[in-house]
Amino acid sequence: MNGEELARHLDESVDPAEAVAAMSEPALAELADALYRHLDTPSPAFGAHSWYAQVRGELRLRRLTGACPEAAESDEQGTPGSAGREVPAS
């Protein structure tokens, strides 16, 4: 992911929660990597840490629940999917 693509995500008019929820897992992983590298620069953009935390949280949630945006859409239509499953307590 180049600097321009990352800058589009860091645009203040974009809601991180909505944007992250709509992204595929590979795209989230790529964004997480780009944000991590960006945060390691001398002067990261304002909001980059919040975006990184949002992406990390979404990736963790998907891995725990097996949910992905496509599965959530199929659940809303009444077809079987992996979204909405409860995570067993450990």
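As the structure is a prediction and not an experimental result, all values here were calculated from the model. Within each chain, residue numbers correspond to sequence positions counted from 1 in written order. Two thresholds apply to this predicted model, a pLDDT of at least 70 for residue-level local features and 80 or more for giving and counting side-chain atom pairs, whereas whole-chain, interface and lining totals are computed over all residues. The basis for every side-chain value is the complete set of non-hydrogen atoms in the structure, without hydrogens or water.

J.: Explain the overall build of the protein to me, please; I cannot follow it from the model alone.
T.: Strands here mean DSSP runs of E at least two residues long; helices mean DSSP runs of H or I at least four residues long; both are numbered from the N terminus. Regarding its fold elements, the protein presents five helices and zero strands. Counting helices and strands in the order they occur from the N terminus, the protein gives α-α-α-α-α. Only protein chains enter the area calculation, which uses a 1.4 Å probe; residues under 20% of their type maximum are buried, those over 50% are exposed, and those in between are partly exposed. Burial statistics for the protein: of 90 residues in total, 29% are counted as buried. Method for areas: the Shrake-Rupley scheme with a 1.4 Å probe, in which residue coverage is limited to the protein chains shown. Summed over its atoms, the accessible surface of the protein is roughly 6,200 Å², and 52% of this surface lies on carbon and sulfur atoms.

J.: It is not clear to me how the nonpolar core should be interpreted in this structure. Could you clarify?
T.: Residues belong to a common nonpolar core when they are buried Ala, Val, Leu, Ile, Met, Phe, Trp, Tyr or Cys residues joined through side-chain atoms within 4.5 Å. Judged by nonpolar contacts, the single largest core of 15 residues is most densely connected at L6, L10, L28, L31, L35, W51 and V55. Breaking this core down by element, the ones donating at least two residues are α1 (3–10), α2 (16–22), α3 (25–39) and α4 (48–65). Among all residues touching L6, those that are not within four sequence positions of it are M1, L31, A34, L35 and H38. A contact between two residues is defined here by any heavy atoms of the two lying within 4.5 Å.

J.: Can you walk me through the side chain of H38 in this structure?
T.: Along the chain, H38 turns up in helix α3. Residue classification places H38 among the buried positions, given a relative accessible area of 18%. Side-chain atoms alone can form a polar contact between residues adjacent in sequence; in general such a contact is a pair of N or O atoms within 3.5 Å, and within protein one must be able to donate a hydrogen while the other accepts it. Within polar-contact distance, the side chain of H38 engages the backbone nitrogen of A45 at 2.8 Å.

J.: How should I be thinking about the packing of α3 against α4 in this particular structure?
T.: Helix-helix packing is characterised by the crossing angle of the two axes and by the distance between the axes. Interaxial distance between α3 and α4 falls to 9 Å at its minimum, and their mutual angle equals 145 degrees. Crossing hand, α3 versus α4: left-handed. In contact with E25, L28, A29, L31, A32, L35, Y36, H38 and L39 of α3, α4 contributes A48, H49, W51, Y52, V55, E58, L59, R62 and R63. Of the residues belonging to the contact of α3 with α4, the class tally is twelve nonpolar, two polar and four charged. Only the stretch in contact is used when fitting a helix axis, every axis being a line fitted to C-alpha atoms; angles between N-to-C directions are given from 0 to 180 degrees. When the near helix sits turned anticlockwise from the far one by under a right angle, the crossing is termed left-handed; a clockwise turn instead gives a right-handed crossing. Basically, the charged four are Asp, Glu, Lys and Arg, the nonpolar ten are Ala, Val, Leu, Ile, Met, Phe, Trp, Tyr, Cys and Pro, and anything else, Gly included, counts as polar.

J.: It is not clear to me how the pattern of salt bridges should be interpreted in this structure. Could you clarify?
T.: When a carboxyl oxygen of Asp or Glu lies within 4 Å of a side-chain nitrogen of Lys or Arg, that pair is called a salt bridge. Enumeration over the complete set of coordinates arrives at three salt bridges. In this structure, R63 engages E25 in a salt bridge whose closest nitrogen and oxygen atoms are separated by 3.2 Å. Within this pair, whereas R63 is found in helix α4, its partner E25 is found in helix α3, the two being separated by 38 residues in sequence. Residue classification places R63 among the exposed positions, given a relative accessible area of 57%. Between E58 and R62 there is a salt bridge, and its shortest N-O distance comes to 2.8 Å. With E58 and R62 both in helix α4, this residue pair falls four residues apart, about one helical turn. Look at E58 and you get buried, because its relative accessible area is 15%.

J.: Where do I start with α1 in this structure?
T.: Side chains of residues three or four places apart in an α-helix project in the same direction, reflecting 3.6 residues per turn. Of the positions making up α1, those classed as buried are L6, H9 and L10. Down the axis of α1, the smallest arc covering the buried residues is 95 degrees, so these residues share one side. Exposed side of α1, more than 90 degrees from the buried face: E4 and R8 are the residues found there. Where α1 is buried, its residues meet α3 and α4. The directions considered for the arc run from the helix axis to the C-beta atoms.

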